[in-house]
Amino acid sequence: MIERAARMAFAAGALVFPGGRIDAEDHALAAAGDRTTGGGGDPDERAARIAAIRETVEETGVTVGFDTIPDASIIAEWRQSLKAGKPFADLLQAEGITIDLDALEPFARWCPNLGEYRRFDTRFYIARLRHKPEIVTDADEAASHHWITAAEAIDAASAGSLQIIFPTLRNLERLARCDRYVAAVAHARSTRSQIISPEIRDADGDRWLCIPQDAGYPVTRVRLSEVTGP
């Protein structure tokens, strides 16, 4: 997980998973099908998985879903090229590398209404990583990184040593119930797919931020006064 830079407009200083915006180039690569396999027939879903792979490389240098793992020098060059706006498809083509979109397993999709903030439509994926890579965060977007279990992240948030916003914390709580990757995949596949849009409700003399009770989350409501972040 990465700690967002303090100057960021949204969730500054918060611990989040790597990721970012789906770009037009991601949609173009999804539609063309070049240098990609898997991902099903939904072009938006394919574009989202491409963005997740691309953003993870750009923000941390971590590679998932590649048929051939580029060496460290290639990854460093890619990161600079991506920041400069060079299409991901061109980088893959130059190295003869294909990405397998089926390597990413859909875990959750959140679309919170943040009021005066922008509305985010965020898809969360899980993927198997067979070795711990050398992680170097993008200093423009992240202050640091944390190689951490879900349970450790939750404990750190409870202790106040790390800041974690509501959607991230709820997904960490889901992950913490799974002891390994295959268990997380089984849990994701057995849970009804739905878009999570938290709602504020009045109950028990207090105001709560609530999510559906049938979406696989162990915690489905939190007092609004205790919610961290926007």
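Provided above is the structure to which this section pertains.
Residues numbered from 1 in each chain as written. Predicted model: local features only at pLDDT ≥ 70, side-chain atom pairs only at ≥ 80, totals over all residues. Heavy atoms only, no water.

Caption draft 1: Summary view of the sheet that holds strand E10 (residues 206-210). A sheet is described by the order of its strands in space; here three strands give the open sequence E9-E10-E11, paired in antiparallel fashion. Looking at strand neighbours, the two that pair on one side only are strand E9 (199-203) and strand E11 (221-223), the edges of this open sheet. Along the sheet, successive strands turn relative to each other by an average axial angle of 35 degrees, direction set aside. (Pairing = 2+ DSSP bridges. Helix = DSSP H or I, 4+ residues; strand = E, 2+ residues; numbered from the N terminus. Axes fitted to C-alpha atoms, helices over the stretch in contact; angles between N-to-C directions.)

Caption draft 2: The environment of Ala-24, seen in detail. With respect to the element layout, Ala-24 can be found in helix H1 (residues 24-32). Classification of Ala-24 by relative accessible area gives exposed; the value is 63%. Between the C-alpha atoms of Ala-24 and Ala-47, which are 23 residues apart in sequence, the distance is 8.8 Å. (Buried < 20%, exposed > 50% of the residue type's maximum accessible area, 1.4 Å probe, protein only.)

Caption draft 3: Structural detail: the nonpolar core. In this structure, Ile-50, Ile-53, Phe-66, Trp-78, Phe-88, Leu-92 and Ile-99 are the most contacted members of the largest nonpolar core, which totals 24 residues. Elements with a minimum of two residues in this core: H1, helix H2 (43-60), helix H3 (72-83) and helix H4 (88-95). In this structure, Phe-66 is in contact with Ile-53, Val-57, Trp-78, Phe-88, Leu-92, Ile-97, Thr-98 and Ile-99, ignoring residues within four places of it in sequence. Grouped together as the second largest cluster of nonpolar side chains are 17 residues, Phe-107, Phe-166, Val-185 and Ile-196 included. (Core = buried A, V, L, I, M, F, W, Y, C linked by side-chain atoms within 4.5 Å. Contact = heavy atoms within 4.5 Å.)

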